[in-house]
Amino acid sequence: MSAASESIKNNGNSLAEKYFIQAEEYRLNNQFKESVDNYLRSILLNRNNTASYFGLALCYKNLRNYTKAVINLKKAEQLNPYDLLIKKELAMCNLICGNFEDVIKYLTSSIKLAPENINVQMQLALVHEIIEEEEMALMIYQKIIETNPDYLRAYIQKGTLYMHLEDYLNSAKIFKKVIKLKPDYYRAFLAIGICYEKLGNLKGARRFYGKYLNFSQNIINNREVLKRINELTNNISSKKHNLKVI
């Protein structure tokens, strides 16, 4: 390369950097349209800057132009295929667009790059929940629990999913483990009370509803739970009175 060509290249890169810095400033100030213009000018002069494509994609995302956001994220990924943040944004944009296969693809590839990243694993499980692949979601939650036995969120999500599937027995078992991990997580008492009531264990339901009331400060919800306790008490009393000696 001649000295003149080298000088032109350096000047171009210097100007590209100037536009990039200006674009970053605009983006951080939520001036996304102005930021887009400067990112595009920067990319025109230097097509090898991953950060320019990534910043441009974030602007398009904030402008709700998710198609262009994905296009530029893919260009960023081509330049840096091992960047977890790029893959995360690709997953989120595709999730917004309802492209669930692509979401799973990017989250799965992220997990391969960082197997210890629990948040990405949780996101993958939640996506499987959204597309009604509950068994896959349960399997992922269980894997997280096995490798991270103190990670409370996985237990809560798994117990909630069991409840959604009307598997109240397993849901109650999971929420009991939640209480062992975090005794003051009062919502677990409510969940177990609901499960026991669904299973016909009225005394057990009443007991756990009572434990919930010992912790909860939600006045409106507490009134409903107290009302339910009174109804269960009446039902239990009614069953006793209906007993007959044969």
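The structure under discussion appears in the preceding block.
Residues numbered from 1 in each chain as written. Predicted model: local features only at pLDDT ≥ 70, side-chain atom pairs only at ≥ 80, totals over all residues. Heavy atoms only, no water.

### Re a nonpolar patch on the surface
Argument step 1. On the surface, Leu 15, Leu 44 and Leu 45 cluster together to form a nonpolar patch covering roughly 270 Å² of accessible area.
Argument step 2. Secondary-structure assignment places Leu 15 in helix α1 (residues 3-28). (Patch = residues over 30% accessible without salt bridge, like charges linked within 9 Å, V, L, I, M, F, W, Y side chains within 5 Å. Areas by Shrake-Rupley, 256 points an atom, 1.4 Å probe, with all protein chains shown as cover. Salt bridge = Lys/Arg side-chain N within 4 Å of Asp/Glu carboxyl O. Helix = DSSP H or I, 4+ residues; strand = E, 2+ residues; numbered from the N terminus.)

### Some words on the side chain of Asn 72
Argument step 1. Considering the arrangement of structural elements, one finds Asn 72 in helix α4 (residues 66-79).
Argument step 2. Not counting the four nearest positions on each side in its chain, Asn 72 is found in contact with Tyr 53, Leu 56, Ala 57 and Tyr 60. (Contact = heavy atoms within 4.5 Å.)

### With respect to the pattern of salt bridges
Argument step 1. Applying the stated criterion across every chain, the model contains 7 salt bridges.
Argument step 2. Between Glu 89 and Lys 61 there is a salt bridge, with the nearest N and O atoms lying 2.8 Å from each other. Of the two residues, Glu 89 sits in helix α5 (residues 84-97) while Lys 61 sits in helix α3 (residues 50-62), which places them 28 residues apart along the sequence.
Argument step 3. Taking the relative accessible area as the measure of exposure, Lys 61 reaches 25% and is therefore partly exposed.
Argument step 4. With a shortest N-O distance of 2.3 Å, Arg 228 and Glu 231 are connected by a salt bridge. Within this pair, Arg 228 and its partner Glu 231 are both found in helix α13 (residues 219-241), separated by 3 residues, close to a single helical turn.
Argument step 5. The exposure class assigned to Arg 228 is partly exposed, which follows from its relative accessible area of 27%.
Argument step 6. According to the relative accessible area criterion, Glu 231 is partly exposed, its value standing at 29%.
Argument step 7. Salt bridges sharing partners connect three or more residues here, namely Glu 197, Arg 228 and Glu 231. (Buried < 20%, exposed > 50% of the residue type's maximum accessible area, 1.4 Å probe, protein only.)

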